[in-house]
Amino acid sequence: MTDRAVAAETTPLEERLIELIKLKGPMTVADYMADALGHPHDGYYMSEQAIGAEGDFTTAPEISQVFGELIGLWLVEAWRGMGSPEAFNLIELGPGRGVLMADMLRAARLRPDFTKAAQVWLLETSGRLRHEQQKRLRASDVKPLWADEFADIPPAPSLIIANEFFDCLPIRQFQRIKNGWRERLVGLDPDGAKLDFVKGRTPPPAEYQLPDIAESEEGEIFEVSFAARDFTTDICRLLAEQKGHALIADYGHMASGLGDTLQAVRAHQYWPPLASPGHADITAHVDFEALARVAIDNGAVAHGPVSQGRFLDRLGLSIRVELLCKGKALTKADEIRAGAARIAAPNQMGEIFKVLCLSSPSLPAPAGFEDL
Ligand code: SAH
């Protein structure tokens, strides 16, 4: 935790967005999210120390090294299941501070031919985080390459990892009115002084396939992430042509449904999503059912989702934890066990976080998904 001051302040990005809205009218929640997180100068991931105990939020690999180690061993198994290709892409989407990749590579070292065959690709928009990733991976046996866009990565057999990446992809929101749907937009409050939610004037196009109005109540919200769908389409087109798997871990729901899941976090506390854009992390729950449907439509297979706790248990979490604790001082061993409990216990991250695996149709289900 951190004790840095967290009073809401008007940010340069907010001032710019207010001017833009005065000029052009309200913007979609997706455009707002994209700017708040990814604006080249004032976006949150570009300018803030976001991740880790000193930052605003923490993630499973930052909490426990066991997360990355188990996934590293999973990757080696998955690679063997692909026929141990002599050259393949090991791609991470949104690698944050590079901790997960470093832990995965350390565990995978037990099969040097895996490491030798891997071309590590990191898809990262933030220059600041790229720099951290570079520093952290300097000591590893691989020479990573960075990509701005998924399409920039040359096609090859691929293993893809995305932890807490899909939750920061922009979503659009639609609100049920009396007899239909209207887009929920970011506009201005009545004084024109602050950002506020407003309703769109025209009904959204039918192709958005919003839920039947008979199955929803007035005021309810339905979310769609076109960005997440586009990423999934690109991934699955690759998996339909080249052997591989994509492991997606995130918080979200198994089945598509109604509900407002847009949330912001600052200094490990919830924060109003429209306050101080650029200074807080903004995310939304991942709709795993929507991703699985896109996968099937694009020639891939979807395994799961399974809860993160169950997935990690199936990969041997408790054995790995006890191995790590062996010979350690009691306080250190307690710390290791507490970290593992945090990422896997149902009342912590074990249940709300899910793991989905998208795979080439020719491959058997990978470890952890065999009988799902
Ligand atoms: N996977 C890491 C970090 C999660 S934070 C972890 O588990 O700790 C989200 C990451 O995705 C950050 O590195 C952020 O800069 C990156 N990111 C967000 N949107 C992106 C996009 N559209 N393309 C590439 N990277 C993106």
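For the structure itself, look to the data block above.
Everything quoted here is computed from the prediction, not taken from an experiment. (Residues numbered from 1 in each chain as written. Predicted model: local features only at pLDDT ≥ 70, side-chain atom pairs only at ≥ 80, totals over all residues. Heavy atoms only, no water.)

What follows covers the packing of aromatic side chains. Evaluated as defined, the whole model comprises eleven aromatic pairs. Residues Phe-165 and Phe-166 carry aromatic rings whose centres are separated by 5.6 Å and whose planes lie at 90° to one another, so their mutual orientation is edge-to-face. Pair check on accessibility: Phe-165 and Phe-166 agree, each one buried. Aromatic ring contacts, followed pair by pair, group Trp-79, Phe-88 and Phe-114 into a single cluster. Cation over ring: Arg-184 sits above Phe-197, and NZ or CZ is 3.6 Å from the ring centre. Over the face of the ring belonging to Trp-271 we find Arg-266, whose NZ or CZ atom lies 4.7 Å from the ring centre. (Phe/Tyr/Trp six-rings, centres within 6.5 Å; stacked < 30°, edge-to-face > 60°. Buried < 20%, exposed > 50% of the residue type's maximum accessible area, 1.4 Å probe, protein only. Lys NZ or Arg CZ within 6 Å of the ring centre and 35° of its normal.)

In the contact formed by helix H5 (residues 65-81) and helix H12 (residues 317-325), the axes pass within 11 Å of each other and the chain directions differ by 120°. As summarised for this structure, H5 and H12 are arranged oblique, according to the angle between their axes. Remark: the crossing between H5 and H12 carries right-handed chirality. Between H5, through Gln-65, Val-66, Glu-69, Leu-70 and Leu-73, and H12, the contact on the second element is made entirely by Leu-317, Arg-320, Val-321 and Leu-324. (Axes fitted to C-alpha atoms, helices over the stretch in contact; angles between N-to-C directions. Helix = DSSP H or I, 4+ residues; strand = E, 2+ residues; numbered from the N terminus. Parallel < 35°, antiparallel > 145°, perpendicular 65-115°, else oblique. Left-handed = near helix turned anticlockwise from the far one by under 90°. Contact = heavy atoms within 4.5 Å.)

Here we come to helix H6 (residues 99-108). Burial within H6 is extensive, with nine of its ten residues counted as buried. Turning to H6, its buried residues number three or more, namely Val-99, Leu-100, Met-101, Ala-102, Asp-103, Met-104, Leu-105, Ala-107 and Ala-108.

Once that is clear, we can look at the packing of H12 against helix H13 (residues 330-344). Direction vectors running N to C along H12 and H13 enclose 160°, while the axes themselves pass 9 Å from each other. For the element pair H12 / H13, the angle class is roughly antiparallel. In this structure, the crossing between H12 and H13 has a hand that is right-handed. From H12, Leu-317, Val-321, Glu-322, Leu-324 and Cys-325 reach across to H13, where they touch Ala-333, Ile-336, Arg-337, Ala-340 and Ala-344. Taken together, the residues that form the contact of H12 with H13 break down as eight nonpolar, no polar and two charged. (Nonpolar A, V, L, I, M, F, W, Y, C, P; charged D, E, K, R; others polar.)

This paragraph deals with the pairing of strand E5 (residues 158-163). The buried count for E5 comes to six of six residues, which makes it a mostly enclosed element. Note: strand E2 (residues 88-93) against E5, four bridges, orientation parallel. Bridging from a neighbouring strand, Asn-89 pairs with Ser-158 of E5. Sheet analysis places E5 next to strand E10 (residues 244-253), joined by six bridges and oriented parallel. Within E10, the position partnered with Ser-158 by the bridge is Gly-244. (Pairing = 2+ DSSP bridges.)

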